[in-house]
Amino acid sequence: MKVSNFIANKIKKLGIKDVPVFQGGAIMNIIDSIGITKNLDYFCPYHEQSLAMSVDAYARLNGFGVGCVTSGPGATNLITGVCCSYYDSIPCLFFTGQVGQFHIKKNSFHRQKGFQETDVKELFSSITKFSYQIKDVNEVDFIIDKAIHVAKSGRPGPVVIDVPYNIQVSKINFKKLKKFKPIIIKKKDSKIKNEINHILKNVYAKKRPVIIAGGGVTISKNNDNFLNFVKKLNIPFVTSWTSQDITKYNNKLYFGTVGRHGNQCANEIINNSDLVIALGFRFTPKAINENFGLKEKIKIISVDIDQIELKETIVKVENKINMDLNDFFSLIKKIKLKKINNISWLKLCKDLKDKKFLNNLEDASNKKLINPYLFFHKLSDHVKNDSVIITDAGANLCWCMTSFKIKSKQKLISAWGNSPMGYSVSAGIGACYAQPKREIIACIGDGSLMINLQDLQFFKHHKNIVLKIIVFDNETLGNTKLGTQDAFQGRTHANDRENGYYSPDIKKMSNAFDLDYNYLNKNNNIDKTIKGFLKKKISSLLHVKVSSDHNVIDHTKKYLNSSYSFKKN
């Protein structure tokens, strides 16, 4: 068997049904092998960056994704998408073709030897969990299994395998193939139990405890375990953006997302708590307010699988517990939990949620153009209960996360840590292949859409793919425009028509690629337009006109001094 055929069969055994590929001389053997392998299909994005983001979204929905590109520029174009997977801990595998071993440079100071040769291993070493160039035919099976294990174990992430041309076309001797056997080191249950008992002791002792569910909860597939945990304790919880879809928005114990562009009530609840327990949560500047943890009486306990995240926290954490959440919840199930009597604390949380869960939803029916907060609020009333919503970067991301009301079976996706322009449409393609029976919606700004121009060609010729694209057009790079205006005395270079950025004619773009076009510019037409748009059984684009001055709510410093009194139970 040829190595390329062996690789195709390994992909098939992973349960992957659709592989995005981008053709090139150094990868053509692997692509040909995928093409002739039964029950394994491929699709062809029009840019390697789009391909990487398709793999990323596929993995977010199905657990793992695989993509294939050629050497040199094919590999370098993957970088932005691979970063999305790395920062958000998404397990996926990329095969890059490479020039034959004879053409690979031997000296690191030698710039290039073979045509389109690039040192992929070194290039991706800082943004993957494992990057490796195959050296010998007999290690192919070993390296693939090792890469998959590394990608899925511990804190997950992407891996890259670089396969030289001559190895792809070589024959495999199955008797000589090296086999990979992972070494699994399990933490002692007694130590884990002691740490959990310490957490519970604090929960029972404090008057105003709150839990933050970070991305680690959803990545480790512990959504149900987490919800059972907080329900048994009767404890309020908030989430990061990455885990907002852990539960429906009207869960009685759920109080929104924290951070600069989260829900106001979540930030105020953190500020008025006396104990914060963070599970799989990164204390990043975007995810917390500047007042987070500054009050003397707030104790913070953090549980994270990544020891480095615990060491590098930017807030004072009293107890840093390095633990896999799978181990945490496995033992929690064996412990009899006591329901906390915290009526006054939950009442305060509920009052805050009633008043401050949603922001800026005033009826703007008499105002010009669309209020995007109101739009997302209404969009959440019309999408299906199991739909997948993918949002892009900048203002549309912030508008969505503040106003969209999640239902229990929905999935809300974005490239949270990297947040590149052009993610949502590319990811939308991958999502359509991962979950073809679900309603997939991609939300994006006019600036980001230009980065997806080549992707519109995909919908023109793939009528079986149904993606609903919502474009928020404010004729500016809105998020940075408002930021530069504040920072530079009203100057806003490279953000709008007066300063070098020229927004596209979205209707003409849609027509050029035979994409069904819809338009919305009045708030009192939102419900009717959304209903008609979502009913269509073809890929469609909804052009939403927004004012270039419509701001993004920022909670930074706003609640530093906010506090509320409550009665002891």
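These numbers were taken from a predicted model, which means no experiment stands behind them. (Residues numbered from 1 in each chain as written. Predicted model: local features only at pLDDT ≥ 70, side-chain atom pairs only at ≥ 80, totals over all residues. Heavy atoms only, no water.)

### Quick notes on the packing of helix α1 (residues 3–13) against helix α7 (residues 140–152)
- Where α1 meets α7, the axes come as close as 11 Å, and the angle between the chain directions of the two elements is 30°. One element, α1, and the other, α7, form an angle in the roughly parallel class. Between α1 and α7 lies a crossing whose hand is right-handed. Contacts between α1 and α7 pair Val-3, Phe-6, Ile-7 and Lys-10 from the former with Val-140, Asp-141, Ile-144 and Asp-145 from the latter.
- For the contact of α1 with α7, the residue count by class is five nonpolar, no polar and three charged. (Axes fitted to C-alpha atoms, helices over the stretch in contact; angles between N-to-C directions. Helix = DSSP H or I, 4+ residues; strand = E, 2+ residues; numbered from the N terminus. Parallel < 35°, antiparallel > 145°, perpendicular 65-115°, else oblique. Left-handed = near helix turned anticlockwise from the far one by under 90°. Contact = heavy atoms within 4.5 Å. Nonpolar A, V, L, I, M, F, W, Y, C, P; charged D, E, K, R; others polar.)

### Quick word on the sheet that holds strand β16 (residues 468–473)
- In space, the six strands of this open sheet follow the order β14-β13-β15-β16-β18-β17, with parallel pairing throughout. Every interior strand has two partners, whereas the edge strands, β14 (411–413) and β17 (516–520), have only one. Mean inter-strand twist for the sheet, computed between neighbouring axes without regard to direction, equals 20°.
- Of the strand pairs in this sheet, strand β15 (residues 440–445) and β16 are connected by five bridges, and their pairing is parallel. Bridge assignment links Ile-444 to a residue of β16, and that residue is Val-471.
- Sheet contacts for helix α23 (residues 526–535): β15, β16, β17 and β18 (540–545); angle to β16, the most-contacted strand, approximately 145°. (Pairing = 2+ DSSP bridges.)

### Section: the sheet that holds strand β3 (residues 65–69)
- Read across the sheet, four strands follow the order β3-β4-β6-β5 without closing on themselves; strand pairing throughout is parallel. Both edges of this open sheet fall to β3 and β5 (130–133), since each of them pairs with a single strand only. Shown here is a sheet whose adjacent strand axes are inclined to one another by a mean of 15°, direction ignored.
- In terms of strand pairing, strand β4 (residues 92–98) meets strand β6 (residues 158–164) through seven bridges, oriented parallel. Note that in β6 the partner of Phe-94 across the bridge is Val-160.

### A word on the nonpolar core
- Counting residues in hydrophobic clusters, the biggest one holds 69 residues, and the most contacted among them are Phe-95 and Ile-469.
- Per element, the largest residue contribution to this core is eight residues, and it comes from helix α18 (residues 423–434).
- With near-sequence residues (within four places) excluded, Ile-469 lies in contact with Val-425, Ala-442, Ile-444, Leu-456, Phe-459, Leu-515, Phe-533, Ser-540, Leu-541 and Leu-542.
- Listed in part, the 58 residues of the second largest apolar core include Val-203, Ile-212, Ile-301 and Val-317. (Core = buried A, V, L, I, M, F, W, Y, C linked by side-chain atoms within 4.5 Å. Buried < 20%, exposed > 50% of the residue type's maximum accessible area, 1.4 Å probe, protein only.)

### Some remarks on helix α14 (residues 325–332)
- Across the eight residues of α14, six count as buried, placing the element largely inside the fold.
- Every buried residue belonging to α14 is among Leu-325, Asp-327, Phe-328, Phe-329, Leu-331 and Ile-332, and all of these are buried.
- Next to the buried residues of α14 lie α9 (189–205), α10 (215–219), α11 (223–233), β10 (275–279) and β11 (299–304).
- Structurally, the start of α14 carries an N-cap: the backbone nitrogen of Asn-326 is 2.8 Å from a side-chain oxygen of Asp-324. (Polar contact = N/O pair within 3.5 Å; in protein donor to acceptor, adjacent residues only side chain to side chain.)

### Observations concerning the side chain of Ser-414
- Mapped onto the fold, Ser-414 is located in the loop between β14 and α18.
- At 3.3 Å, the side chain of Ser-414 and the backbone oxygen of Asp-392 are in polar contact.
- Apart from residues no more than four positions distant in its own chain, Ser-414 is found in contact with Arg-60, Asp-88, Thr-391, Asp-392, Leu-397 and Tyr-423.

### Quick look at the packing of aromatic side chains
- The tally for this structure, following the rule as stated, stands at 21 aromatic pairs.
- Note on Phe-43 and Tyr-433: the rings are 3.9 Å apart at their centroids and 5° apart in plane angle, and the pair reads as stacked. Taken together, the residues span a long stretch of sequence, with Phe-43 in strand β2 (residues 41–43) and Tyr-433 in helix α18 at a distance of 390 residues.
- Consider the rings of Phe-226 and Phe-237, whose centres lie 5.1 Å apart with planes at 85°: the pair is edge-to-face. One end of the pair, Phe-226, is in helix α11; the other, Phe-237, is in strand β8 (residues 237–239), and eleven residues separate them in sequence.
- Ring-pair connections join several aromatic residues into one group, and the members of that group are Phe-226, Phe-237, Tyr-249, Tyr-254 and Phe-357.
- The lysine or arginine in question, Lys-338, covers the ring of Tyr-204, its NZ or CZ lying 4.4 Å from the ring centre. (Phe/Tyr/Trp six-rings, centres within 6.5 Å; stacked < 30°, edge-to-face > 60°. Lys NZ or Arg CZ within 6 Å of the ring centre and 35° of its normal.)

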